[in-house]
Amino acid sequence: PTSIGLSLVVLTVTTGNWRVAILATMTIVGIMGSFFLSFVAQGLTLGVYESMFLSLTAGFAVDYVVHFAHAYNESAATGRAGKMRESLTAMGVSVMSGAISTLMASMMLFVCSFNFFSTYGGFIFFVIFMFAFRNGFVFFVFLFFIDVSF
């Protein structure tokens, strides 16, 4: 809860738009919630590694969402569709390339015999995959249908 509250405050201050900050925070909460619920669905227990990974989830989730939120907010285009197009053009290739390379790197950890690395690879893969889904679909759908301008 502290990391979510802090990310909301930082997003509000840096973007200057509390509406964009709330939508970005909702996306971050969705990514974290998906990860938490995946533990329940798999029947996993909360060990040392899992506790550490859960605490890192907010940082991974924030990393990608912030770039799109900032680009959308700073866009000079008029209208929601224009702002979305401009933010995806400005940040889409860089952020998605980073996500794809991180996904590929995490897949290399799947084959490690040391349990920490294989578990860490699965964690990274899941969080980045959820970012791509939630940010690519949910966050931009929020921005398209909810007027965040003042």
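Note that the structure is a prediction, hence the values are computed from the model and not measured. (Residues numbered from 1 in each chain as written. Predicted model: local features only at pLDDT ≥ 70, side-chain atom pairs only at ≥ 80, totals over all residues. Heavy atoms only, no water.)

1. Structural notes on the layout of surface pockets
No. 1: In this structure, the largest pocket spans a volume of roughly 220 Å³.
No. 2: Gln42, Leu44, Thr119, Gly122 and Phe123 are, among the 13 residues lining the largest pocket, the residues nearest its centre.
No. 3: Looking at the lining of the largest pocket, the elements that each hand over two or more residues are helix H2 (18–42), helix H3 (48–74) and helix H5 (115–145).
No. 4: Among the elements that line the lining of the largest pocket, the one with the most residues is H5, at six residues.
No. 5: Looking at the lining of the largest pocket residue by residue, the class counts come to seven nonpolar, five polar and one charged. (1 Å grid on protein atoms, 1.4 Å probe; cavity = no way out; pocket = protein on both sides within 12 Å on 5 of 7 lines; lining within 4 Å. Points joined across faces, edges and corners; volume = space filled by probe spheres on them. Helix = DSSP H or I, 4+ residues; strand = E, 2+ residues; numbered from the N terminus. Nonpolar A, V, L, I, M, F, W, Y, C, P; charged D, E, K, R; others polar.)

2. Examining a nonpolar patch on the surface
No. 1: Together, Met96, Ile100, Met104, Met107, Met108, Phe110 and Val111 line one region of the surface with nonpolar side chains, adding up to about 700 Å² of accessible area.
No. 2: Along the chain, Met108 falls in helix H4 (residues 80–109).
No. 3: For Met108, a relative accessible area of 57% puts it in the exposed group. (Patch = residues over 30% accessible without salt bridge, like charges linked within 9 Å, V, L, I, M, F, W, Y side chains within 5 Å. Areas by Shrake-Rupley, 256 points an atom, 1.4 Å probe, with all protein chains shown as cover. Salt bridge = Lys/Arg side-chain N within 4 Å of Asp/Glu carboxyl O. Buried < 20%, exposed > 50% of the residue type's maximum accessible area, 1.4 Å probe, protein only.)

3. Re the side chain of Asn73
No. 1: By the secondary structure assignment, Asn73 is in helix H3.
No. 2: Exposure remark for Asn73: the relative accessible area of 18% places this residue in the buried category.
No. 3: There is a polar contact of 2.4 Å between the side chain of Asn73 and the backbone oxygen of Thr15.
No. 4: Those residues within four positions of Asn73 in sequence are excluded, and the remaining contacts are Thr15, Asn17, Val20 and Lys83. (Polar contact = N/O pair within 3.5 Å; in protein donor to acceptor, adjacent residues only side chain to side chain. Contact = heavy atoms within 4.5 Å.)

4. Details of the environment of Ser87
No. 1: Structurally, Ser87 is set in helix H4.
No. 2: Using a relative accessible area of 0% as the deciding quantity, one classes Ser87 as buried.
No. 3: Among residues more than four places away in sequence, those in contact with Ser87 are Phe68, Ala71, Tyr72, Gly92 and Phe140.
No. 4: In this structure the side chain of Ser87 is engaged in a polar contact, spanning 3.0 Å, whose partner is the backbone oxygen of Met84.

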